[in-house]
Amino acid sequence: VQLVESGGGLVQAGGSLRLSCAASGSTFSINAMGWYCQGPGKQRELVASITSSGGRTNYADSVKGRFTISRDNAKNTMYLQMNSLKREDTSVYYCYAVMAWGMMYWGQGTQVTVSS
């Protein structure tokens, strides 16, 4: 499975971005998907996750009410809608996919920079 993120960039505080994660390869075996972020000098932390059907989502407390994760299985793409962005959201965002057999795949990351 290959994962390619897009949609990152520079945005002012209070603005919005939508990240996309396009999957290719053995996409029929993908179960859960999600997003992690890793800010400068910080450990990678979970931002949001979504089940295979999209019926259940989970969010870090810091993004609840501002970010929305979704997926379109017909397009093999997952999204992260990021609203009301804050400077502390500045980070590299990585998408991941968990396969039916438990292996985890990662994208290359996309930079999100929020300016004041």
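An account of the accompanying structure is given in this report. (Residues numbered from 1 in each chain as written. Predicted model: local features only at pLDDT ≥ 70, side-chain atom pairs only at ≥ 80, totals over all residues. Heavy atoms only, no water.)

Here's the deal with the side chain of Arg66
Our working definition: Put simply, DSSP marks the helices as runs of H or I at least four residues long and the strands as runs of E at least two long, and each gets a number from the N terminus on. Using a 1.4 Å probe on the protein chains alone, a residue whose accessible area is under 20% of its type maximum counts as buried, one over 50% counts as exposed, and one in between counts as partly exposed. Whenever a nitrogen or oxygen atom comes within 3.5 Å of another N or O atom, the pair is scored as a polar contact, on the condition that within protein one atom can donate a hydrogen and the other can accept it, and that pairs from neighbouring residues in sequence are kept only if both atoms are in side chains. Contacts between residues were defined by any pair of non-hydrogen atoms, one from each residue, lying within 4.5 Å.
Mapped onto the fold, Arg66 is located in the loop between strand E6 (57-59) and strand E7 (67-72). Exposure remark for Arg66: the relative accessible area of 11% places this residue in the buried category. Engagement of the side chain of Arg66 in a polar contact is seen with the backbone oxygen of Ser84, the distance being 2.9 Å. Not counting residues up to four positions away in its chain, the partners in contact with Arg66 are Gln81, Met82, Asn83, Ser84, Leu85, Lys86 and Asp89.

Considerations on the sheet that holds strand E8 (residues 77-82)
Note the following rule: One requirement defines pairing of two strands: DSSP has to find at least two bridges between them. To define axes, lines are fitted to C-alpha atoms, for helices over the stretch in contact only, and angles between the resulting N-to-C directions are given on a 0 to 180 degree scale.
Ordered in space as E1-E3-E8-E7, the four strands form an open sheet in which the pairing is antiparallel. In this open sheet, the two strands that pair with only one neighbour each are strand E1 (2-6) and E7. When the angles between neighbouring strand axes are averaged without regard to direction, this sheet yields 15°. For E1 and strand E3 (residues 17-24), the ladder comprises five bridges, and the chain directions are antiparallel. When the bridges of E3 are listed, Ser6 appears paired with Ser20.

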